[in-house]
Amino acid sequence: MTTEIQLHHIGEVILAGLLRKLSVSGTLDLKCMLHDHCGLDIVLAQTKIIQPIAFDVNVQLAPITINNEKLLFDGAHGVDVLCRGHGTLGLALEAKLGVDRMVSGAFKKRFMKTASLTTHKSRRIKGSMVSILNYRALQNGAVLPLRTAAEHPVEVVPEWFLVIRRPVWEQWNNGKSHPPPLSPNAHVMIFEDIVKRHGDGQSFDKLVHSLAGNDFYRSWGIC
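Below is a short write-up of the structure. The residue count restarts for each chain, going from 1 along the sequence in the order it is written. pLDDT decides what is reported in this predicted model: residues at 70 or higher carry local features, side-chain atom pairs at 80 or more are listed and counted, and totals for whole chains, interfaces and linings draw on all residues regardless. Derived side-chain values reflect all non-hydrogen atoms in the structure, with water molecules and hydrogen atoms excluded from consideration.

1. As for the overall build of the chain
Right, on to step 1. Helix and strand content of the chain: 8 helices and 9 strands.
Right, on to step 2. Our radius of gyration looks at C-alpha atoms and nothing else; its globule reference is 2.2 Å times the residue count to the power 0.38. The C-alpha atoms of the chain give 18 Å as radius of gyration, which agrees with the globular expectation for 223 residues (17 Å, within 12%).
Right, on to step 3. If you line up the chain on its principal axes, its C-alpha atoms span 55 × 55 × 35 Å.
Right, on to step 4. Residue burial in the chain is summarised as follows: out of 223 residues, 43% are buried.
Right, on to step 5. Note on contacts: a residue pair qualifies if any of its non-hydrogen atoms lie within 4.5 Å across the two residues. For the chain, contacts bridging at least 24 residues in sequence account for 65% of all contacts bridging at least 6.
Right, on to step 6. Accessibility throughout is a Shrake-Rupley quantity obtained with a 1.4 Å probe, and a residue counts as covered only by protein chains that appear here. Surface accessibility of the chain: about 12600 Å² in total, with carbon and sulfur atoms responsible for 53%.
Right, on to step 7. Charge separation in the chain, taken as the distance between the mean sites of 25 positive and 20 negative side-chain charges, equals 6 Å. Helical segments are the DSSP runs of H or I of at least four residues, strand segments are the runs of E of at least two, and each set is numbered from the N terminus. Only protein chains enter the area calculation, which uses a 1.4 Å probe; residues under 20% of their type maximum are buried, those over 50% are exposed, and those in between are partly exposed. Neither His nor the chain ends is counted toward charge; the positive residues are Lys and Arg and the negative residues Asp and Glu. For this purpose, a charge sits on NZ of Lys, CZ of Arg, CG of Asp or CD of Glu.

2. Some thoughts on the pattern of salt bridges
Right, on to step 1. What makes a salt bridge here is a side-chain nitrogen of Lys or Arg within 4 Å of a carboxyl oxygen of Asp or Glu, nothing more. Applying the stated criterion across every chain yields a total of 6 salt bridges.
Right, on to step 2. Close ionic contact of D29 with R197 constitutes a salt bridge, the shortest N to O distance being 2.5 Å. Here D29 is found in the loop between α1 (11–24) and α2 (40–46), whereas its partner R197 is found in helix α6 (residues 191–198), with 168 residues between them in sequence.
Right, on to step 3. Classification of D29 as partly exposed rests on a relative accessible area of 40%.
Right, on to step 4. Residue R197 is classed as partly exposed on the basis of its relative accessible area, which comes to 35%.
Right, on to step 5. Residue K96 pairs with E94 through a salt bridge whose shortest N-O separation is 3.6 Å. For the pair formed by K96 and E94, the shared burial category is buried.

3. Examining α6
Right, on to step 1. The set of residues buried in α6 consists of F191, I194, V195 and H198. The arc enclosing the buried residues of α6, seen along the axis, measures out at 100°, which places them on a common side.
Right, on to step 2. Buried-residue contacts for α6 involve α1, β8 (155–164), β9 (186–190) and α7 (201–212).
Right, on to step 3. At the exit of α6 stands G199, carrying a positive phi of roughly 155°. When we speak of the arc, we mean the arc of directions from the helix axis to the C-beta atoms.

4. Structural notes on the packing of aromatic side chains
Right, on to step 1. In this scheme Phe, Tyr and Trp rings, the latter by its six-membered ring, pair at centre separations within 6.5 Å, and the angle between planes marks the pair as stacked below 30 degrees, edge-to-face above 60, and tilted otherwise. Enumeration over the complete set of coordinates arrives at 4 aromatic pairs.
Right, on to step 2. An angle of 80° between the planes, with centres 6.5 Å apart, marks the rings of F191 and F204 as edge-to-face. Highlighted residues: F191 in helix α6 and F204 in helix α7, separated in sequence by 13 residues. As far as the burial class goes, F191 and F204 line up, both buried.
Right, on to step 3. The rings of F107, F111, W169 and W172 are connected pair by pair, giving a single aromatic cluster.

5. Points about the side chain of H187
Right, on to step 1. Tracing the sequence through the fold places H187 in strand β9.
Right, on to step 2. Under the relative-accessibility criterion, H187 is labelled buried at 5%.
Right, on to step 3. Here H35 takes part through its side chain, which lies 3.2 Å from a polar atom of the side chain of H187.
Right, on to step 4. Sequence-distant contacts of H187, that is, excluding residues within four places in its chain, are made with C32, L34, H35, C38, V43, E159, W160, F161 and L162. Identification of polar contacts relies on pairs of N or O atoms within 3.5 Å, with a donor-acceptor requirement for protein atoms, meaning one able to donate a hydrogen and the other able to accept it, and with residues adjacent in sequence counted only if both atoms are side-chain atoms.

6. Structural notes on the layout of surface pockets
Right, on to step 1. Using protein atoms alone on a 1 Å grid, points that fit a 1.4 Å probe yet trap it form a cavity, whereas open point sets bounded by protein on both sides within 12 Å along at least five of seven lines form a pocket; residues with an atom within 4 Å of a point count as lining. Grid points are joined across faces, edges and corners, and a volume is the space filled by probe spheres set on the points. Taken as a whole, the second largest pocket holds about 310 Å³ of empty space.
Right, on to step 2. Forming the walls of the second largest pocket are 19 residues, and the residues nearest its centre are H8, A95, K96, L97 and F111.
Right, on to step 3. For the lining of the second largest pocket, the secondary structure elements donating two or more residues are α1, β4 (78–84), β5 (89–96) and α3 (104–111).
Right, on to step 4. No other element matches the 3 residues that β5 contributes to the lining of the second largest pocket.
Right, on to step 5. Throughout this entry, Asp, Glu, Lys and Arg are counted as charged residues, while Ala, Val, Leu, Ile, Met, Phe, Trp, Tyr, Cys and Pro are counted as nonpolar. The remaining residues, Gly among them, count as polar. Residues belonging to the lining of the second largest pocket are distributed by class as follows: 7 nonpolar, 5 polar and 7 charged.

This is how it looks when you write it as structure tokens:
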């Protein structure tokens with residue numbers, strides 16, 4: 001039976017599951033499309049994120065203080081997948097696994113407006129996770145230090161990965177276009193490359209089934 005659930009609905013969970021499998025098999029040498037001689041394993045080593053590595057999904061960011069003012073992130077400001085090693089450092093992966101409205105210009109317009117502050121009494125950070133990870137600063141130039149709000153918080157290193165679909169990358173590199181203005185600390189991985197490294201279609205379907213689980217009625221609090 002064909003599912004109505006689309007990849008971008010649960011992409012973070014699937015991405016984390018794939019990377020866990022590859023980490024166990026020692027095959028995290030996944031190519032970065034932006035830089036020569038670069039890949040996930042190399043960036044993890046450079047940022048001193050060492051084994052054993054956990055891959056956590058939708059990790060929320062902790063409040064930060066700038067100029068003696070406590071600033072909050074909202075619920076949408078979670079790291080899609082956090083690569084967390086044996087220590088206090090973590091590497092953020094942001095998954096954009098849709099294929100519609102993802103040409104370079106549309107991507108920049110949708111996701112790359114520099115973060116700013118709301119006008120709430122207790123002000124919050126306003127902006128997409130792509131812009132937060134890419135610029136690590138507000139419109140006024142104030143630096144954004146990023147730490148997770150987990151029980152054992154980690155510092156999110158400046159290096160980060162954007163994971164996109166192959167058709168999107170091909171749109172960005174078709175001779176008429178180019179990637180959006182990503183920072184030198186940004187890296188790009190192709191989701192299909194990660195799936196291919198994991199195995200064939202049957203193994204991918206098996207992984208998705210195992211991650212989707214069951215018992216939705218109780219888990220989602222419908223009962």
